[in-house]
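As a plain string of letters, each chain reads:
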Amino acid sequence: MTIFFLYCAELSNEFDKMARRNLSKLGISLIPVLTLIVLLALDISIFGSDAILGASQVSLLFSAGVCVWLSMWIFKVPWDNFEEAIKSNIGDVTTALVILFLIGAISGTWTMSGIVPTFIYYGVKIISPKVFLLTACVICALVSVMTGSSWTTIATIGVALLGIGKAEGFSEGVIAGAIISGAYFGDKISPLSDTTVMASSLNKVPLFTHIRYMLFTTIPSITITLVIFLILGLTHSSTEAASIGKYTEILDARFNITPWLLVVPTLTALMIARRMPAITVLGISTVLAAVAAIIFQPDIIQEIGGEVAGGKWKVLFTGTVKTIYDTVLLETGDPEVNQLVTSRGMAGMLNTVYLIICAMCFGAAMKAGGMLKNLTAVLSPFTKTRGGLVGSTVVTGTALNGIVSDQYLSIILTSSIFKETYEKEGYEGRLLSRAVEDSATVTSPLYPWSSCGMTQATILSVPTITYLPFCFFNIISPLMSFIVALTGYKIIRVVRKEEAPAEIEADA
């Protein structure tokens, strides 16, 4: 009996040591994350929206350095692991960086060619302010379903809708929230979306099975979102017709407004419908818009080109190239309209590219140092029930967007972390793929330092913290995923041999 008690005491000591070790690992792994949160909070409080100009990047690199130092000193992780992880992470986002530059180019050419001003001109005449927010969300949702890209949708029709909304007296935060909500709804359920394809393929779920299953959480989320935007629109104090007329008069006087300019977005939509690659579509659309700028807005292009020796054509060429790569401030005689027709070009995307690269370094450091694994291990006790498992997945997917600063990495890591648990507990892969999309995909633009958050803030010229409270779809989706999981609706759990039939969670 004495030996038995001694054995139990020794076993208790071992469990206590193990718990202390795990707690110690968790505490150490939290240090880089807490460092980043504190530094970013200081950045935003001191620099505001200008944090993207360098302060946020410094915070990310410093936090990555803290992670590397702790991992090498305490966990004995070799430097080569970090170097390979950084190379891999940055390599994974190179296509996104090219797309980002092209989005800058298309923003410049679509604005200076008169395409965006034409959208604004006709939009304020057609769309009633009372249903503007609802209409903006629906239009972005439809375009995003067709394109499969929230970024492309926001950079094209989203920019035009932002101008229309401002002309009708809405705050830029609520307009951006409607645009982003619709764009991410479409991105989430479009068969052309890379995040949708990624989430389904990683979890070995047929694409359209995955999309159909998402509808059980996505339709309620977008319905609630549209109702909120309808109420906000109906309670909005409309801008006086004279004020709206001011915008249209100034645009008409400064640009050659003509329906012919809508040929370029129409051709862009046709290319998208034919499922051409995003880089190809954006590149061709940029060229078409540049040609349209020379044809329809020669005076503006010459103004941008300035005084260049070599004649009119050289000036036109110089002006056209500047609309693609440079930030262009066009004077219209009204400060508000000036904002609507200012374009950033490719140069305007450089700070965002800088931020994404720094964010990838931080995510790579956390992954290579094993700290991501340590942080997610704390959720394992909560995965024993259906609601706990889905809730843990949603929390992880949402949190990883803030930790690794990239939705693609968040989708990959969340799927990898929980895949074995879902299989062990007998749940279908489509439940995991849906939970991943409900969190990792849609919450990505809600973090000011993430690739999506800073990209959308840059494209729309609206700080992330300004539009965040109005991204209702992006906020509701993770909550809806958890609520539907609690009800057990359409969730199948395979009966394991060691379980009684009564333990089945739900029917088909």
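Residues numbered from 1 in each chain as written. Predicted model: local features only at pLDDT ≥ 70, side-chain atom pairs only at ≥ 80, totals over all residues. Heavy atoms only, no water.

**Q** Which residues make up the side chain of Thr268, and what are the values?
**A** Within the secondary structure, Thr268 sits in helix α12 (residues 263-273). Look at Thr268 and you get buried, because its relative accessible area is 5%. Here Val264 takes part through its backbone oxygen, which lies 2.8 Å from a polar atom of the side chain of Thr268. If near-sequence neighbours (up to four positions away) are discounted, Thr268 is found in contact with Trp110, Val281 and Ser285. (Helix = DSSP H or I, 4+ residues; strand = E, 2+ residues; numbered from the N terminus. Buried < 20%, exposed > 50% of the residue type's maximum accessible area, 1.4 Å probe, protein only. Polar contact = N/O pair within 3.5 Å; in protein donor to acceptor, adjacent residues only side chain to side chain. Contact = heavy atoms within 4.5 Å.)

**Q** Break down helix α22 (residues 451-460) for me, citing the residues and quoting the values.
**A** Among the 10 residues of α22, 10 are classified as buried, and the element is accordingly described as predominantly covered. For α22, the set of buried residues is Ser451, Cys452, Gly453, Met454, Thr455, Gln456, Ala457, Thr458, Ile459 and Leu460.

**Q** For the pattern of salt bridges, give the residues involved together with the corresponding values.
**A** All chains considered together, the criterion is met by four salt bridges. Residue Glu303 pairs with Arg254 through a salt bridge whose shortest N-O separation is 2.8 Å. Pair noted here: Glu303 is in helix α14 (residues 298-305) and Arg254 is in helix α11 (residues 241-254), with a separation of 49 residues, a long-range link. A relative accessible area of 23% means that Arg254 is categorised as partly exposed. (Salt bridge = Lys/Arg side-chain N within 4 Å of Asp/Glu carboxyl O.)

**Q** So, the packing of helix α10 (residues 207-234) against helix α24 (residues 472-487): which residues are in play, and what are the values?
**A** Contact geometry of α10 with α24 gives a least axis separation of 9 Å together with a crossing angle of 140°. The orientation of α10 relative to α24 falls into the category oblique. As for the relative orientation of α10 and α24, their crossing is right-handed in sense. Contact residues: α10 offers Phe216, Thr217, Thr218, Pro220, Ser221, Ile222, Ile224, Thr225, Ile228, Phe229 and Leu232, while α24 offers Phe472, Phe473, Ile476, Ser477, Met480, Ser481 and Val484. (Axes fitted to C-alpha atoms, helices over the stretch in contact; angles between N-to-C directions. Parallel < 35°, antiparallel > 145°, perpendicular 65-115°, else oblique. Left-handed = near helix turned anticlockwise from the far one by under 90°.)

**Q** How would you summarise the packing of aromatic side chains if you had to cite specific residues and measurements?
**A** Within the structure shown, the criterion is met by nine aromatic pairs. Between Tyr213 and Phe216, the aromatic rings sit 6.0 Å apart at their centres with planes inclined by 85°, giving edge-to-face as the arrangement. Here Tyr213 pairs with Phe216, and both are found in helix α10, just three residues apart, close to one helical turn. An aromatic cluster of at least three residues, connected via ring pairs, comprises Tyr213, Phe216 and Tyr489. Above the plane of the ring of Tyr213 lies Arg434, whose end atom (NZ or CZ) is 4.2 Å from the centre. (Phe/Tyr/Trp six-rings, centres within 6.5 Å; stacked < 30°, edge-to-face > 60°. Lys NZ or Arg CZ within 6 Å of the ring centre and 35° of its normal.)

**Q** An account of unusual backbone geometry is requested, with residue identities and associated values reported.
**A** Of note in the backbone geometry, Lys76 takes a positive phi value of approximately 60° without being a glycine. Looking at where Lys76 falls in the secondary structure, it is placed in the loop between α2 (55-73) and α3 (79-92). What makes Lys76 exposed here is its relative accessible area of 62%. In the Ramachandran plot, Ser461 falls in the positive-phi region, its phi being about 55° despite a non-glycine side chain. Position of Ser461 relative to the elements: it lies in the loop between α22 and α23 (464-467).

**Q** I'd like to hear about α14, residue by residue, with values.
**A** An α-helical turn contains 3.6 residues, so a residue and the one three or four places further along point in the same direction. Among the residues making up α14, those that are buried are Ile300, Ile301, Ile304 and Gly305. Buried residues of α14, seen end-on, are gathered within an arc of 140° and therefore sit on one face of the element. Looking at the residues trailing α14, positive phi occurs at Gly306, about 75°. (Arc of directions from axis to C-beta.)

**Q** Explain the packing of α14 against helix α15 (residues 312-325) residue by residue, including any values.
**A** Relative to each other, α14 and α15 sit at 85°, their axes nearing to 7 Å. The angle between α14 and α15 falls in the class roughly perpendicular. Contact with α14, carried on its side by Pro298, Ile301, Gln302, Ile304 and Gly305, involves Lys312, Val315, Leu316, Thr318, Gly319, Thr320, Lys322 and Thr323 of α15 and no other residues of that element.

**Q** Which residues make up the nonpolar core, and what are the values?
**A** Residues Ile103, Phe132, Ile154, Leu161 and Met366 are the most contacted members of the largest nonpolar core, which totals 113 residues. At 11 residues, helix α17 (residues 350-368) tops the list of elements feeding residues into this core. When sequence neighbours within four positions are dropped, the list of residues in contact with Leu161 reads Phe132, Ala136, Ile139, Cys140, Ile175 and Ile179. The next biggest cluster of nonpolar side chains, apart from the first, holds 16 residues, and it includes Leu389, Val390, Leu432 and Ala485. (Core = buried A, V, L, I, M, F, W, Y, C linked by side-chain atoms within 4.5 Å.)

**Q** Give a detailed account of the confidence of the model for the protein chain, specifying residues and quantitative values.
**A** Should the pLDDT be low somewhere, the predicted coordinates at that spot are not to be read in detail. Averaged over all residues, the pLDDT of the protein chain equals 79, while 85% of them reach at least 70. Of all secondary-structure elements in the protein chain, the lowest mean pLDDT belongs to helix α1 (residues 2-47), at 64, while α24 reaches the highest, 92. Note on residues 3-20: pLDDT under 50 across the span, and zero contacts to partners over four residues away in sequence or across chains. Segment residues 500-508 is flagged for pLDDT under 50; beyond a separation of four residues in sequence, or across chains, it makes 16 contacts in the model. (pLDDT = per-residue confidence, 0-100.)

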